[in-house]
Amino acid sequence: MHGTTPHAIERPYDGCGKCLLGVRRLSRVKLATSSPEWQRENGLTAAASIGAHIIGWADDWEVSGATNPVTRPSLGPWLRDERGPYDGLVAAAVDRLGRNVVDCLNTGYKMRDEKKMLVTYGHGGAWDLDDSADENRFTMEAWGAQMELRAIQRRNRDATVKTRAAGRPKGKPSYDFHYVRKAMGGKIDQVELHPHASEVLREVARRILADPDNVTCSSEAARLNRAGELSPADHPAVMYGKSAGGRPWSPQSLKSILLSEATLGYLMHRNKPVLGSGDGQQSRVRSSSAGPPAQA
């Protein structure tokens, strides 16, 4: 980082004109991933290369690249001018800003029009979108990101078609269910309630319904964390013999589980129950007493 210490590069807003917001994004956070670290290092290096410093990080983990930057949980409020002042954005690559040409250009032009800087690792200096050469290069990198996203989406669609044709669920089961395979490494034969996780969820629901004025998703998430209950992020890992990452319960995830129709055992596709072709009713893979929240 050109001899500049991270402490000097990361410091609060001081009005120097080069106070940048670091942008990081990752679609799937796994225990083995090093992406957050290399995105941070590349962001620090890019900021140092132009004598700027980073006032904070807009970290959007578990956020698809197809999400509009303006609606992202962490970056969005900055772009909507709902946070404090900043002089521009710095990211490890253009595809951390967005995964399609429109989103990238909208973000880039917003920085240009507001006289703010836009910096990415590997580009010499800040982007100048008033310069045709820089604008063309930025557009090409955004186009490359879009092509990669479309390839990923196509692979996912093909995989979904194949698993659906084979009558198998796709993706992870809901927190309170687990897949059952009669043969090790074989196809999924059925989906059943997980004895412990399902009881944890029932207890949460009972407590909230019994005293909704005082017991909330926030208080229940805190209670589960104090009790050492594995979060929905760590529970599947431990269930399949991996180490827990120590990720806590959050009120948002608990609320999503409680309100999800997948928890009722419906066959789900794109977060909505699949309707039967004959009667138009919501489809279950098994009976309502133990129907699996399979993803179509």
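Refer to the structure printed above.
Here is what the cut-offs are and how they apply
Residues numbered from 1 in each chain as written. Predicted model: local features only at pLDDT ≥ 70, side-chain atom pairs only at ≥ 80, totals over all residues. Heavy atoms only, no water. Patch = residues over 30% accessible without salt bridge, like charges linked within 9 Å, V, L, I, M, F, W, Y side chains within 5 Å. Areas by Shrake-Rupley, 256 points an atom, 1.4 Å probe, with all protein chains shown as cover. Salt bridge = Lys/Arg side-chain N within 4 Å of Asp/Glu carboxyl O. Lys, Arg positive; Asp, Glu negative; His and termini not counted. Charge placed at Lys NZ, Arg CZ, Asp CG, Glu CD. Helix = DSSP H or I, 4+ residues; strand = E, 2+ residues; numbered from the N terminus. Buried < 20%, exposed > 50% of the residue type's maximum accessible area, 1.4 Å probe, protein only. Pairing = 2+ DSSP bridges. Axes fitted to C-alpha atoms, helices over the stretch in contact; angles between N-to-C directions. Polar contact = N/O pair within 3.5 Å; in protein donor to acceptor, adjacent residues only side chain to side chain. Contact = heavy atoms within 4.5 Å. Parallel < 35°, antiparallel > 145°, perpendicular 65-115°, else oblique. Left-handed = near helix turned anticlockwise from the far one by under 90°. Nonpolar A, V, L, I, M, F, W, Y, C, P; charged D, E, K, R; others polar. Expected span 1.5 Å × (residues − 1).

**Details of a positive patch on the surface**
Then comes step 1: Taken together, Arg150, Arg154, Arg155 and Arg157 make up a surface patch of like positive charges.
Then comes step 2: Looking at where Arg155 falls in the secondary structure, it is placed in helix 5 (residues 132-165).
Then comes step 3: Using a relative accessible area of 53% as the deciding quantity, one classes Arg155 as exposed.

**Observations concerning the sheet that holds strand 2 (residues 53-61)**
Then comes step 1: The parallel open sheet is built from 4 strands, whose spatial order is 2-1-3-4. One side of each edge strand has no neighbouring strand; the edge strands of this open sheet are strand 2 and strand 4 (117-120). Neighbour to neighbour, the strand axes of the sheet diverge by 25° on average, direction disregarded.
Then comes step 2: Looking at chain direction, strand 1 (residues 19-26) and strand 3 (residues 88-91) are connected through 4 bridges and run parallel. Residue pairing in the sheet places Leu21 in a bridge with Leu89 of strand 3.

**Remarks on the pattern of salt bridges**
Then comes step 1: All chains considered together, the criterion is met by 20 salt bridges.
Then comes step 2: With its nearest N and O atoms 2.7 Å apart, the salt bridge here joins Glu220 to Arg223. Of this pair, Glu220 and Arg223 are both found in helix 7 (residues 217-227), 3 residues apart, which corresponds to roughly one turn of the helix.
Then comes step 3: Judged by its relative accessible area of 21%, Arg223 is partly exposed.
Then comes step 4: The salt bridge partner of Asp234 is Arg247, with a shortest N-O separation of 3.1 Å. Highlighted residues: Asp234 in the loop between helix 7 and helix 8 (235-239) and Arg247 in the loop between helix 8 and helix 9 (251-259), separated in sequence by 13 residues.
Then comes step 5: On the basis of relative accessibility, which here comes to 2%, the residue Asp234 falls in the buried class.
Then comes step 6: Through salt bridges that share partners, Asp81, Lys110, Glu114 and Lys116 make up one connected network.

**Topic: the side chain of Arg72**
Then comes step 1: Structurally, Arg72 is set in the loop between strand 2 and helix 3 (75-79).
Then comes step 2: Within the structure, the side chain of Arg72 is placed 3.1 Å from the side chain of Asp60, a separation counted as a polar contact.
Then comes step 3: The contact partners of Arg72, leaving out residues within four places of it in the chain, are Val23, Arg24, Arg25, Asp60, Val63, Thr67, Pro77, Arg96, Leu97 and Gly98.

**Topic: the packing of helix 6 (residues 195-210) against helix 7**
Then comes step 1: Contact pair helix 6 / helix 7: the axes reach a minimum separation of 10 Å and the direction vectors enclose 140°. By the criterion of interaxial angle, the relationship of helix 6 to helix 7 is oblique. Regarding helix 6 and helix 7, the two cross each other, and that crossing is right-handed. Counting all contacts with helix 6, which are made through Val200, Glu203, Val204, Arg207 and Ile208, the residues of helix 7 involved are Cys217, Glu220, Arg223 and Leu224.
Then comes step 2: The class makeup of the residues in the contact of helix 6 with helix 7 is 5 nonpolar, no polar and 4 charged.

**A look at a nonpolar patch on the surface**
Then comes step 1: Judged by side-chain polarity, Met140, Trp143 and Met147 come together as a nonpolar surface patch covering roughly 340 Å² of accessible area.
Then comes step 2: With respect to the secondary-structure elements, Trp143 resides in helix 5.

**Looking at helix 4 (residues 101-113)**
Then comes step 1: Taking 1.5 Å as the rise per residue, helix 4 with 13 residues should run 18 Å; its terminal C-alpha atoms sit 18 Å apart, in good agreement.
Then comes step 2: Taken together, the buried positions of helix 4 are Val101, Asp103, Cys104, Leu105, Thr107, Gly108 and Met111.
Then comes step 3: Taking the backbone nitrogen of Val102 as reference, a side-chain oxygen 3.1 Å away marks Asn100 as the first, capping residue of helix 4.
Then comes step 4: Just beyond helix 4, the residue with positive phi is Lys115, at close to 60°.

In short, shape yes, function no, at least from these values alone.
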